[in-house]
Every structure is written in C-alpha cells, then in structure tokens.
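Fold and contact review
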Amino acid sequence: MNKDVTFALSSAGVGESVARGQLDRGGVAMNNKPATFTLDGKTIPFSAGQTLIQAAMAAGVYIPHLCYNPEFKPHGSCKLCTVKADGRHTSSCTHQAQDGMVVESDTKEINDERRALLQMLFVEGNHFCPSCEKSGNCQLQATAYEIGMMSPHFDHFFPDRPLDASHPDYLLDFNRCILCSLCVRASRDVDGKNVFALSGRGIKSHLIVNAKSGRLADTGFSGEDKAAHVCPVGVILKKRVGFAVPIGSRSFDEQPISATPHPGPAAATLPPHPQGACPVGPRSNAATLPPHPTVKDV
Amino acid sequence: MGVESPARQKKRFSRFATIESLLMASPTDTHAEYLDPILSRHQHNANDLLQILIAAQDHYGYIHSDAIDHLSEQLKLPRSKIEGVSGFYSFLHLQANGEYRVLFSDNITDRMLGNMDLMQSMCSQLWVEPGKVSEDGLLSINTTSCTGLCDQGPALLVNNIAINRLTRERVNAIAELIRERVPVSAWPAMFFAIEDNIRRKDILLDSHLKPGSALAALLQRGTHETLHEIRTSALRGRGGAGFSTGLKWEFCRDAPGEQHYVVCNADEGEPGTFKDRVLLNGYADMVFEGMTLCARIVGASKGFLYLRGEYRYLLEHLQAVLQHRRQQKLLGSNILGHADFNFDIEIHLGAGAYICGEESALIESLEGKRGTPRNRPPFPVTHGYLNQPTVVNNVETFASASLIALHGGAWYAAIGTDTSHGTKILSVSGDCERPGLYEYPFGVTVAQVLADCGAQDTQAVQVSGASGVCIAADEFERHIAFDDIPTAGAFMVFDQSRDMFEVARNFVHFFAHESCGFCTPCRVGTSLLSNMMDKLAEGHGSPYDFAEIEKLNALLQSTSHCGLGHSACNPVLDTIAKFRPAYDKRLAQKDFVPAFDLDHALSQARQMTGRDDTGAHLERSHE
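Just so it is clear, the model here is predicted, and its values are computed rather than measured. (Residues numbered from 1 in each chain as written. Chains lettered and ligands numbered in written order. Predicted model: local features only at pLDDT ≥ 70, side-chain atom pairs only at ≥ 80, totals over all residues. Heavy atoms only, no water.)

1. Concerning the overall build of chain A
The helix and strand inventory of chain A stands at 6 helices and 10 strands. A buried classification covers 52% of the 298 residues belonging to chain A. Counting contacts in chain A only where the partners sit at least 6 residues apart, residues at least 24 apart contribute 63% of the total. Summing over all exposed atoms, chain A offers an accessible surface of approximately 12900 Å²; the carbon and sulfur share of this is 56%. (Helix = DSSP H or I, 4+ residues; strand = E, 2+ residues; numbered from the N terminus. Buried < 20%, exposed > 50% of the residue type's maximum accessible area, 1.4 Å probe, protein only. Contact = heavy atoms within 4.5 Å. Areas by Shrake-Rupley, 256 points an atom, 1.4 Å probe, with all protein chains shown as cover.)

2. Details of the overall build of chain B
Secondary structure summary: chain B contains 27 helices and 14 strands in total. Since a compact globule built from 623 residues should have a radius of gyration of about 25 Å, the 26 Å found for chain B is in line with a globular shape. When the backbone C-alpha atoms are referred to their principal axes, chain B occupies close to 85 × 65 × 45 Å. Relative to its 623 residues, chain B shows a buried fraction of 61%. Across chain B, every contact between residues at least 6 apart in sequence was considered, and the portion connecting residues at least 24 apart equals 72%. Summed over its atoms, the accessible surface of chain B is roughly 23400 Å², and 51% of this surface lies on carbon and sulfur atoms. Measuring between centres, the 56 positive side-chain charges of chain B sit 2 Å from its 76 negative side-chain charges. (Rg over C-alpha atoms; globule rule 2.2 N^0.38 Å. Lys, Arg positive; Asp, Glu negative; His and termini not counted. Charge placed at Lys NZ, Arg CZ, Asp CG, Glu CD.)

3. Focus on the confidence of the model for chain A
All names here are of chain A. Residue-level pLDDT values for chain A average 82, and 77% of them are 70 or greater. Model confidence for chain A, summarised as mean pLDDT per element, is weakest for helix H1 (residues 5-23) at 37 and strongest for strand E5 (residues 102-104) at 98. Note on residues 1-24: pLDDT is under 50 here. Beyond four places in sequence and across chains, it has 61 contacts. Taken as a whole, residues 264-298 scores under 50 in pLDDT and shows 60 contacts with residues more than four places along the chain or in a different chain. (pLDDT = per-residue confidence, 0-100.)

4. Side note on the nonpolar core
Ranked by internal contacts, the top residues of the largest apolar core, which has 195 residues, are A:Phe196, B:Tyr89, B:Trp249, B:Leu305, B:Leu307 and B:Tyr583. For this core, the element with the most residues is helix H13 (residues 284-298) of chain B, which contributes 10 residues. Listed in part, the 24 residues of the second largest apolar core include B:Leu118, B:Leu126, B:Leu156 and B:Ile178. (Core = buried A, V, L, I, M, F, W, Y, C linked by side-chain atoms within 4.5 Å.)

5. Re unusual backbone geometry
Residue B:Pro377 is reached from B:Arg376 by a cis peptide bond, and omega for that bond is -5 degrees. Tracing the chain through its elements places B:Pro377 in the loop between helix H15 (359-366) and strand E9 (390-394). Despite not being glycine, A:Asp86 shows a phi value in the positive range, around 50 degrees. Inspection of the secondary structure assignment puts A:Asp86 in the loop between strand E3 (82-85) and strand E4 (88-91). According to the relative accessible area criterion, A:Asp86 is partly exposed, its value standing at 36%.

6. What about the pairing of strand E14 (residues 490-495) of chain B?
All names here are of chain B. Counting buried positions along E14 gives 6 out of 6 residues, so the element sits mostly inside the fold. Across 4 bridges, strand E10 (residues 423-430) lies against E14 in parallel orientation. By the bridge assignment for E14, Val428 is matched with Phe491. (Pairing = 2+ DSSP bridges.)

7. What to know about the interface of chain B and chain A
The interface is formed by 73 residues belonging to chain B together with 54 residues belonging to chain A. Together, the buried faces of chain B and chain A total about 5000 Å²; carbon and sulfur atoms form 59% of this surface. The tally of links between chain B and chain A comes to 4 salt bridges. Put simply, chain B and chain A have 22 residue pairs in polar contact (both at pLDDT 80 or more) between them. Elements represented by at least two residues in the side of chain B that touches chain A include exactly helix H4 (65-75), helix H5 (79-88), helix H19 (500-514), helix H20 (520-537), helix H21 (543-559) and helix H22 (563-567) of chain B. (Buried area = accessible area lost by both parts, 1.4 Å probe. Salt bridge = Lys/Arg side-chain N within 4 Å of Asp/Glu carboxyl O. Polar contact = N/O pair within 3.5 Å; in protein donor to acceptor, adjacent residues only side chain to side chain.)

8. Thoughts on the sheet that holds strand E6 (residues 163-164) of chain A
Residues and elements named next belong to chain A. The strand order E6-E7-E10 describes an open sheet built from 3 strands, whose pairing is antiparallel. Strands at the two margins of the open sheet, each flanked by one partner only, are E6 and strand E10 (236-238). Sheet topology places E6 next to strand E7 (residues 170-173); 2 bridges connect them, and they run antiparallel. Looking at E7, one finds that Leu163 is bridged to Asp173.

9. Describing the side chain of B:Glu367
Note that B:Glu367 resides in the loop between H15 and E9. If sequence neighbours within four positions are ignored, B:Glu367 has contacts with B:Ala46, B:Asn47, B:Arg374, B:Gly384, B:Tyr385, B:Leu386 and B:Asn387.

10. Description of the packing of aromatic side chains
This model, assessed by the stated rule, comprises 20 aromatic pairs over all chains. Note on B:Tyr261 and B:Tyr385: the rings are 4.9 Å apart at their centroids and 80 degrees apart in plane angle, and the pair reads as edge-to-face. Taken together, the residues B:Tyr261 in strand E6 (residues 261-266) and B:Tyr385 in the loop between H15 and E9 connect sequence positions 124 residues apart. On the accessibility criterion, B:Tyr385 (4% relative accessible area) is buried. Where B:Phe442 meets B:Phe482, the ring centres are 5.2 Å apart and the plane angle is 35 degrees; that geometry is what we call tilted. Linking B:Phe442 in the loop between strand E11 (436-441) and helix H18 (446-452) with B:Phe482 in the loop between strand E13 (469-472) and E14, this pair joins segments that are 40 residues apart in sequence. Residue B:Phe442 shares its accessibility class with B:Phe482, and that shared class is buried. Grouped by ring-pair contacts, the aromatic residues A:Tyr170, A:Phe196 and A:Phe221 constitute a single cluster. Just above the ring of B:Phe482 sits the side chain of B:Arg236; from NZ or CZ to the centre is 4.0 Å. It is B:Arg296 that lies over the ring of B:Phe341; its NZ or CZ is 4.7 Å from the centre. (Phe/Tyr/Trp six-rings, centres within 6.5 Å; stacked < 30°, edge-to-face > 60°. Lys NZ or Arg CZ within 6 Å of the ring centre and 35° of its normal.)

Below, the structure is given as structure tokens:
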C-alpha cells in the first residue's frame with residue numbers, strides 16, 4: 001500500500017512521540033507529584049508505563065473492552081475501548097497514560113461508536129443469545145447491555161462456521177468467535193502450546209487449532225490450560241456443565257459488566273461487588289438479549 | 001459422435017495421471033527432498049517463513065499438508081502458525097489450486113478495458129468457473145487486486161508471472177496453451193513483454209546516474225554532511241505520507257539498537273500505481289544506491305527490498321543488478337574500499353497482500369508473520385525489523401536520495417513549489433491516449449497532466465489510487481503538491497462515458513478484499529460497505545443507504561487501526577459528493593428497502609423445481 005494522506009497523520013506522530021519522550025510526560029511529572037490524567041473529568045493517577053485502561057481500572061473506572069484482559073499483553077483489535085485522548089481517538093488498552101492528558105470515554109459520541117462496533121461483532125458471527133449456554137457470562141452480551149444495544153442494526157453475514165466437538169471435555173463453537181485472540185495469546189504465552197491461531201484475512205479471518213486434522217482433540221489442548229478459561233464469549237466451552245448455574249443467576253445477571261471487577265469467566269468465582277458501588281441495578285432480564293429483529297431499525 | 005483421436009485420448013489420460021500423482025505424493029520424505037534445499041538457503045531461519053512458503057509452494061502449486069509437518073519440525077514452529085501465515089496471503093494456497101493458476105487483474109482500469117468479458121471467455125473455453133479449480137485439477141481462474149500494469153492492461157498473472165495487453169486472441173492462445181499443457185516457461189515471450197512507457201522525463205528519469213557516483217559523492221562529502229544535504233533538499237517520502245526523509249534517517253541513526261536496518265518498500269499495491277515497477281526495471285541501481293547511502297548514514301549493514309508478489313517477474317533482473325553491484329564493490333563488504341562500510345541487500349517477496357505496503361505490516365511480513373499493522377508508537381525508526389531501528393522508504397524516495405547525494409540539497413530544493421520540493425512521478429492510466437509514467441516538478445496542474453497524456457472529455461481523475469481523492473472537472477486547475485493534492489503517484493483518468501458509481505464500487509470491493517481483519521471496524525465495516533454498494537448496484541438502494549454509508553465512514557475513520565480502514569470510505573464519499581447523478585439513477589426507491597431480497601432467495605427453489613412462472617416469483621405473484 002502506498003500510504004495516502006491519512007497515513008501522513010500517523011507518520012507525523014513520529015516526531016511528536018519523540019518530542020513527548022523528551023518531555024517525560026509518562027509516569028512522573030516534573031514536579032514529582034504523582035502523574036495524573038483526567039477521564040471524563042475525574043482525576044486518575046497512574047504509574048509509569050501504565051496504559052489508559054490499566055490506570056482507569058485501577059481507579060475503579062470501567063472502560064468497555066473485549067479483547068483486553070489485564071493478564072495479557074494488550075493488542076487493541078476489538079476497538080471497544082476506544083477513547084478520545086487529547087481530542088484524538090485511540091485504543092485505551094494500548095495507549096500509554098501521560099501526565100495532564102484529557103481523556104473522554106463515557107460520552108454519547110464514543111458510546112454510539114462502541115454500539116456500532118458491537119453491532120458489527122453481532123452480525124459478523126452467529127450470536128443467538130437466548131439459546132447460548134454462555135448467556136449471562138458472556139462479555140459481548142454484557143457489554144451490549146451496558147452500551148444499550150437494542151438491535152443488530154446491520155445486515156447479518158450468517159457465516160458458515162462448523163462446530164468442533166471432537167475433544168472429550170471441551171467444545172468449540174466458532175459461530176461466536178469475535179477474533180479477540182485471547183485464547184491465542186493464552187495458549188502461546190502462558191501454556192506454551194500454541195493450540196490456537198488466527199488464519200485467513202479480512203472478513204474471512206478465523207480461528208484454527210494446531211492439528212493436521214484441524215480438530216481440537218488432536219491438539220495438546222487440556223482443560224487445565226489458561227486458554228480454556230479466557231474466552232470472553234461462548235467459543236471454548238466445557239462440556240456437561242453448560243447449565244449448572246441457571247440463566248438468571250450468572251455473573252452479569254447479578255450485576256452489569258461495568259460493576260464486575262475483572263470481567264470474564266473468573267468473575268463468577270469472585271466475591272460479589274459491594275452494593276452501592278454498582279451504578280446500574282441488577283438485571284433480571286439479562287439472559288435474553290433483544291431478539292434479532294426481522295425489520296431493520298431505521 | 002466422432003471417435004476420440006488417440007492423441008486426444010492420451011492427453012486426457014495424462015491429465016488424470018497427473019492428478020493421481022498429485023494426490024499420491026505425500027510421504028514426508030518426498031517433501032524433505034525439495035524443502036531441505038529451501039530451508040538451508042534460508043539457514044532454517046523462522047523469520048524467513050514467508051519466503052520459505054513462497055518457494056515451497058512452487059513445487060505443487062500449493063503448500064501440501066505434509067510439507068507443513070516438515071517445515072514445522074525443521075523451523076520449530078507450530079503448525080498453527082504456518083497455517084495462519086499461509087492463510088493470510090492471497091497467493092499462498094493450502095489446497096490444490098490447479099497446475100495453471102490464472103489471476104485476472106481487477107482494477108477499475110482493467111474493467112474499463114474489458115477484463116471481465118475476457119475472463120468469462122477463458123472460463124468457458126476451459127470449462128471452469130471463476131474462483132474454482134477445474135474438475136481435472138488442471139487450472140483455476142480468478143481475479144486479483146491491481147497488478148500494476150494499468151498502462152498496458154488488461155493484465156493477468158499466470159503462476160505469478162505477468163502477462164499484459166490481453167485481447168481476445170491472446171486469451172484464446174493462452175487457453176490453448178493451457179489445454180495443451182505447455183509449461184509457462186515455453187509460452188511466447190511476447191506475452192511477457194512488459195513495457196516501461198516512460199512519457200515524460202525530468203531530473204530523476206533523465207538522470208543517467210552512473211552506478212557508484214552518489215556513493216563516491218557521499219564518501220567525499222562525509223556522512224554527516226550528506227544527511228545535511230538530504231535535510232536541505234526537503235525530500236519527503238514518495239509513498240504518499242510525505243514524512244521528511246532526512247528527519248526519518250536522523251531519528252533512525254540516533255535510535256539505540258544492536259543493528260539498524262534499511263527497508264525499501266516496493267509493495268506497490270495502491271490500485272493504479274506502477275512507477276516502482278518501472279523504476280525497479282530501469283533504475284534499480286539508483287534505488288539500491290539510495291538504500292546504500294541511507295545505510296551509511298544510519299549505520300545499517302543489512303537492507304531489504306520488499307517486492308510485491310505481482311512483480312515477481314522482476315526478481316531475476318534485480319538479483320542480477322545486486323550481484324553486479326557486489327562485483328563493483330558497491331555492495332557487500334568494504335564498499336568502495338572503505339573497511340568500515342559494509343552493507344548488503346536481500347530481496348523479500350510479498351504474496352498478494354496490499355496491507356503489507358503499510359510500513360509496520362511490511363515489517364511483520366519481513367519477519368515471516370501475518371501482515372498485520374503494529375500498534376504505533378513505537379515507530380519503525382526506533383522499533384522496526386526485529387525491534388531494531390529501521391528506515392522504511394518508498395522506491396522513489398531512495399532513487400531521489402541518490403540524486404540529492406550527487407547534486408546537493410539546494411539544487412533539489414529549488415525544484416518544485418515552496419512546500420513541495422523536487423519532482424513526482426505519476427502513473428497515468430485510464431481514458432487517455434498515452435498512458436504511462438510522467439515525471440513533473442511538484443506543482444503541476446491536473447489539467448496539464450491531462451493535456452500531456454492526451455485525455456479528452458474527462459469526467460474525473462482518481463489521484464493516489466483507491467485510498468486517494470476523486471477530482472471532478474471543476475478542480476482540474478488544482479496542483480499536485482503536498483499542500484494541495486498529495487499523491488503516491490496513481491492518476492487514473494475517467495471520461496464522460498464512465499460510471500463513477502462503478503469506479504467507487506470497484507474500490508470498495510478492493511478494500512474489503514484487502515482488509516487484514518485485525519480490527520473490528522475495518523474487518524466488518526469494509527464488508528458491510530461492499531454489500532451496501534452491491535445493494536445500490538442491484539437497484540435496491542434508498543437515501544437511507546447514503547446515511548448509513550456516511551455513518552460507517554465516520555466510524556471507520558475514528559476507530560480503525562490503520563490507514564486502510566481510515567480511507568476505505570473515501571471513494572464512496574467523494575463520488576457521492578461529486579457525481580451524485582451516478583447514484584441517484586440507482587435509487588429506484590425513495591424509502592428504505594431491506595438488503596435481504598426475498599425474491600432472489602427463492603431462486604434456488606425455482607432452480608430445483610424447474611419453475612420460473614409468475615407464481616414462483618414473490619413480487620409478480622401479488623399482481
């Protein structure tokens with residue numbers, strides 16, 4: 001690609017970032033006060049090297065996200081955590097905090113964008129929440145509630161994605177994959193197994209497993225793996241426990257994702273968040289996302 | 001019924017025999033036989049995975065599943081990684097894809113020259129559907145993104161080698177050669193005679209630079225002083241982004257690292273651009289010399305030329321130029337007798353991925369990975385190839401740097417305008433009498449270029465390719481310059497007979513095909529956009545769809561990971577703004593029409609039941 005005008009913006013950033021490095025805005029301010037930035041008007045302290053989302057989470061402020069997981073190196077692909085830092089859109093999971101930065105997150109403009117991104121993820125795969133055993137523990141679903149997504153809006157792609165039920169203990173339902181690559185990172189960086197990888201390109205991108213047969217059963221995958229426990233949606237599912245916790249009593253049925261300290265499957269085992277810290281009341285209807293309408297919302 | 005001639009029968013059987021042998025050939029040791037030499041050539045270096053896969057594919061025309069086992073074992077890479085990389089690049093295949101793989105270039109300029117009819121004709125002659133492999137496994141025919149032969153299209157690639165100026169006769173001849181199983185190497189040479197078509201020369205194309213002269217000037221003037229000349233020249237990157245070349249080299253020189261690298265971006269994928277093709281064919285010494293200058297300045301001992309897969313036919317020539325430069329002591333160790341001047345260049349091939357023209361994706365690809373753009377900062381000048389300081393510049397930028405080293409910065413800065421110095425090479429194609437390369441000092445007007453290339457009755461010009469801008473007639477007095485119309489070089493001309501909606505639709509399909517798929521907005525958004533344009537093309541559009549396109553554009557611009565997503569909506573927005581009638585005539589409906597076409601959905605049922613009467617159609621059944 002020969003970069004066009006828009007690339008000029010990012011290229012111009014070279015000088016800017018070098019200049020910033022010299023000013024040392026990251027971590028400690030010149031006058032030795034703890035460095036801070038403002039997030040929607042609230043002052044957020046941060047330590048050197050922290051990204052915006054890390055500092056925000058440490059301060060108990062929720063920024064919607066899907067491909068980010070505090071335990072893994074962020075890579076910024078889902079773009080749900082997009083914020084405006086000093087007036088420019090950026091992924092808060094990869095953008096390093098800088099002293100004096102002004103960050104906007106919970107605004108109508110940004111939430112509208114996040115809603116459209118969520119809708120894209122919903123129409124890209126095959127997400128049927130009412131029949132999904134991850135319902136109530138699913139970050140995609142919970143984030144859609146959080147952002148007030150009432151319909152998929154865009155036309156569905158209805159991709160043809162087969163299931164892989166070959167493994168004795170785990171099931172892969174690729175229909176729900178949002179390509180966050182958390183399982184890829186977990187298997188590679190924590191388990192050292194490289195069970196998962198992304199293949200294809202563009203809208204044909206898809207998850208593959210490390211076996212000649214293409215079947216999970218023929219990989220080194222095990223239920224003990226970190227990769228078995230990081231999927232934010234319902235792709236990697238343990239067999240025979242799907243409805244052990246009934247719908248209605250699951251993590252995000254109890255409280256919205258914004259009030260859940262570390263969203264994800266682990267959240268179910270965490271002690272409930274103290275009452276009062278929860279900005280939005282519990283949802284009794286969380287298990288049923290609005291049905292996919294047959295007529296587009298205009 | 002005629003009796004099959006023995007010769008024909010033999011041919012038929014020999015075709016079957018080949019498929020069988022393809023299917024049978026699988027024991028791993030068979031693969032070791034051809035893979036091991038490739039692996040040793042690359043010192044079993046996993047960073048060269050893409051290069052290894054490209055070479056490995058030559059054996060069967062695809063990467064055999066057993067070959068992956070061997071590569072996985074030898075390179076100590078998981079199979080999933082090798083499959084993931086293979087799956088990313090359009091020119092790599094994990095399934096048999098025919099002994100002859102024909103790809104018709106599908107830029108809008110190819111379309112304007114009738115590529116679709118020619119493809120259809122070849123398909124029917126060879127009994128194959130586009131995008132599928134023929135039943136006997138002999139061939140496949142498909143489309144591919146712009147192959148950079150817009151000045152001599154329509155074009156195609158056969159087994160990755162370019163053929164230009166397709167006519168019905170040429171297509172018939174190719175079909176016959178394939179049917180007769182004539183190896184591509186034995187096809188008539190005239191098919192592969194790619195022309196330079198240089199129409200206007202200025203300082204660069206008319207320079208006749210003697211190999212080594214710019215390096216000698218550098219050594220005489222001094223490294224620091226030469227960088228100063230580059231700064232003085234105000235040379236800016238010619239790939240389109242226009243970052244100061246001198247500043248980039250200085251940042252890289254000053255960045256700490258064990259190694260510094262110089263990379264020449266010859267992944268010329270922007271539709272309608274072909275200047276690098278000509279520079280590499282006729283001016284390769286100037287380009288390599290510019291890279292060597294840069295290496296001396298930033299302190300690099302290794303460089304790469306990343307050559308797009310579509311230009312693979314240039315590889316031998318470029319290797320020969322490199323070899324000649326080594327013999328002349330202009331490359332390798334002790335360059336021009338200086339013991340501390342060591343630099344060599346390796347050529348890496350791309351494999352059909354436009355996104356690898358983005359510098360950080362290019363570096364990922366150089367490292368043998370999927371070509372996904374990196375998060376920036378850090379930028380390549382500090383963290384590039386193998387996380388070391390790396391300069392990535394365009395082919396034309398390096399060639400210009402050679403000129404500057406020879407003639408000085410002030411000389412160069414005096415050419416062009418106050419803000420854009422030097423010259424720019426334009427790749428002119430489309431509706432004009434003399435398509436080809438035109439080099440102008442910056443500041444030339446669009447109208448001047450149109451007059452020079454013999455364009456008449458011009459409706460629009462798409463400057464800088466699909467991601468650039470569409471210029472209408474009332475803007476033809478605008479200038480080619482960084483502060484007016486910046487460009488990477490593409491200049492596609494459309495006369496009044498052209499449908500600007502179809503131009504935009506072609507570009508939108510291109511972006512959807514080339515999106516890397518890493519970030520949500522670009523991966524899904526470009527496909528949504530492509531579907532919306534198809535909906536308009538089918539006559540189901542309404543003003544609602546315009547609003548949707550504008551919303552999508554805003555989202556892609558603000559949230560995409562890189563420039564591909566940022567610019568994917570440009571062609572549509574430009575043409576809606578400037579050529580509204582082309583859209584209006586497709587708006588059969590004033591109100592919203594769903595994208596789901598129920599009558600079309602019944603077509604399969606109609607086909608199965610053999611019905612096509614009124615009752616079998618949705619709309620007509622209500623009449």
